[in-house]
Amino acid sequence: PIQNCTNKKTVYTNRVRRLAVRSDNMKTDRVITAMIEYFGSDKKRIHHFLKVYSFAKTIGESENLLPDDQELLEISAIVHDIGIKELEGPHEAEKLLAALGYEKTFIDKVCYLVGHHHTYGNIDTLPYRILVEADFLVNLYEDDSSRSAAEQAYDKIFRTKTGKNLLKIMFLTP
């Protein structure tokens, strides 16, 4: 009986592994490692991008993004604050992603999001919208923002059902 249980567990584990395999294009682990190397001992920056990535991934999956848009969102979330100290985000993102083997058209889309994720007037794609919402969720927490600030973000920035729900749970529910 114990051997039978072990065999079933092995079969299940192998199925889960196969399901978890991503396409070769989705190299988030490599990008995360490269960003940790980029920020070095700046733990605040590292924790920030990891939290934004986590919220972006969650919101994108909940909003049923297409795989290409999900990849764009996740990679953009990981690198969204690259170059923040030098104010050269898009250029730094381009260098990092090119070194990791991403195609120029994909890099250009990421660079656009990196360069505009604090521009809220003309959000024209769902990955852009979700990146802004994910960054807001993290910034509201990290900046210890007031309830009023969260309410304003809810009314003026958040549009996705998932993002609004997360903001409500985290900042607007007593």
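Look a little higher up for the structure.
Just so we're clear, the structure is a prediction, and the values are computed from it rather than from any experiment.

Re helix H6 (residues 104-116)
Part 1: With 13 residues, H6 should reach 18 Å at 1.5 Å per residue; the first-to-last C-alpha distance of 18 Å fits that figure.
Part 2: Of all the positions in H6, only Phe 106, Ile 107, Val 110, Cys 111, Leu 113 and Val 114 are classed as buried. Along H6, the residues classed as buried sweep out an arc of 165 degrees about the axis, all on the same side. Every exposed residue of H6 that faces more than 90 degrees away from the buried side is listed here: Lys 104, Thr 105 and Lys 109.

Describing the side chain of Glu 92
Part 1: With respect to the helices and strands, the residue Glu 92 is situated in helix H5 (residues 89-99).
Part 2: Not counting residues up to four positions away in its chain, the partners in contact with Glu 92 are Tyr 38, Ile 82 and Gly 83.

Considering the nonpolar core
Part 1: Core analysis: the largest hydrophobic core is formed by 49 residues, its most contacted members being Val 31, Met 35, Ile 78, Val 79, Leu 96 and Leu 167.
Part 2: Top contributing element to this core by residue count: helix H7 (residues 126-142), with nine residues.
Part 3: Residues contacting Met 35, with those up to four places away along its chain left out, are Phe 49, Ile 78, Val 79, Ile 82 and Leu 96.

Describing unusual backbone geometry
Among all residues except glycine, the phi angle is most often negative; among peptide bonds, the trans geometry is most common.
Part 1: Positive phi, normally seen in glycine, also occurs at Asn 64, with a value near 60 degrees.
Part 2: Assessed through its relative accessible area of 65%, Asn 64 is described here as exposed.
Part 3: The phi torsion at Asp 144 lies on the positive side, around 50 degrees, for a residue other than glycine.

Digging into the packing of aromatic side chains
Part 1: A full pass over the atoms with the stated rule returns six aromatic pairs.
Part 2: Residues Tyr 102 and Phe 106 carry aromatic rings whose centres are separated by 5.1 Å and whose planes lie at 20 degrees to one another, so their mutual orientation is stacked.
Part 3: On the basis of relative accessible area, Phe 106 is assigned to the buried category, the value being 13%.
Part 4: Members of the aromatic cluster, each reached through a chain of ring pairs, are Tyr 38, Phe 39 and Phe 49.
Part 5: One residue, Lys 27, lies across the ring of Tyr 102, its end atom 4.9 Å from the ring centre.
Part 6: Taking the ring centre of Tyr 154 as reference, the NZ or CZ of Lys 164 above it sits at 4.6 Å.

Quick notes on the pattern of salt bridges
Part 1: The final tally for this structure, using the stated rule, is six salt bridges.
Part 2: For the salt bridge of Arg 45 with Asp 81, the shortest nitrogen-to-oxygen distance reads 2.8 Å. Taken together, the residues span a long stretch of sequence, with Arg 45 in helix H3 (residues 43-62) and Asp 81 in the loop between helix H4 (67-79) and H5 at a distance of 36 residues. Across this residue pair, the class does not change: Arg 45 and Asp 81 are buried.
Part 3: Between Arg 147 and Glu 151 there is a salt bridge, with the nearest N and O atoms lying 3.1 Å from each other. On the criterion of helical spacing, the pair formed by Arg 147 and Glu 151 is a turn pair, its members being four residues apart in helix H8 (residues 147-156).
Part 4: Overall, Arg 147 belongs to the partly exposed group, its relative accessible area being 44%.

What counts, and where the lines are drawn
- What you see as residue numbers is a count from 1 along each chain, following the sequence as written.
- Residues qualify for local features only when their pLDDT is at least 70, as the model is predicted, and side-chain atom pairs are given and counted only at 80 or more; totals for whole chains, interfaces and linings, by contrast, use all residues.
- Water and hydrogen atoms were dropped before computing side-chain values, which therefore reflect all heavy atoms in the structure.
- Counting from the N terminus, the helices are DSSP H or I runs at least four residues long and the strands are E runs at least two residues long.
- Residue count minus one, scaled by 1.5 Å, sets the expected span of a helix.
- Residue exposure (1.4 Å probe, protein chains only): buried if accessible area is under 20% of the type maximum, exposed if over 50%, otherwise partly exposed.
- The directions considered for the arc run from the helix axis to the C-beta atoms.
- Note on definitions: a residue-residue contact is assigned when non-hydrogen atoms from the two residues lie within 4.5 Å.
- Only buried residues count toward a nonpolar core. Its members are Ala, Val, Leu, Ile, Met, Phe, Trp, Tyr and Cys residues joined through side-chain atoms within 4.5 Å.
- Think of it this way: a Phe, Tyr or Trp ring, Trp meaning its six-membered ring, pairs with another when their centres are within 6.5 Å, and the plane angle makes it stacked under 30 degrees, edge-to-face over 60, tilted otherwise.
- Placement of a positive charge over a ring is assigned whenever Lys NZ or Arg CZ falls within 6 Å of the ring centre and within 35 degrees of the normal to the ring plane.
- Salt bridges are defined as contacts in which a side-chain nitrogen from Lys or Arg sits within 4 Å of a carboxyl oxygen from Asp or Glu.

Honestly, that's just the spatial picture; any functional story needs more than this.
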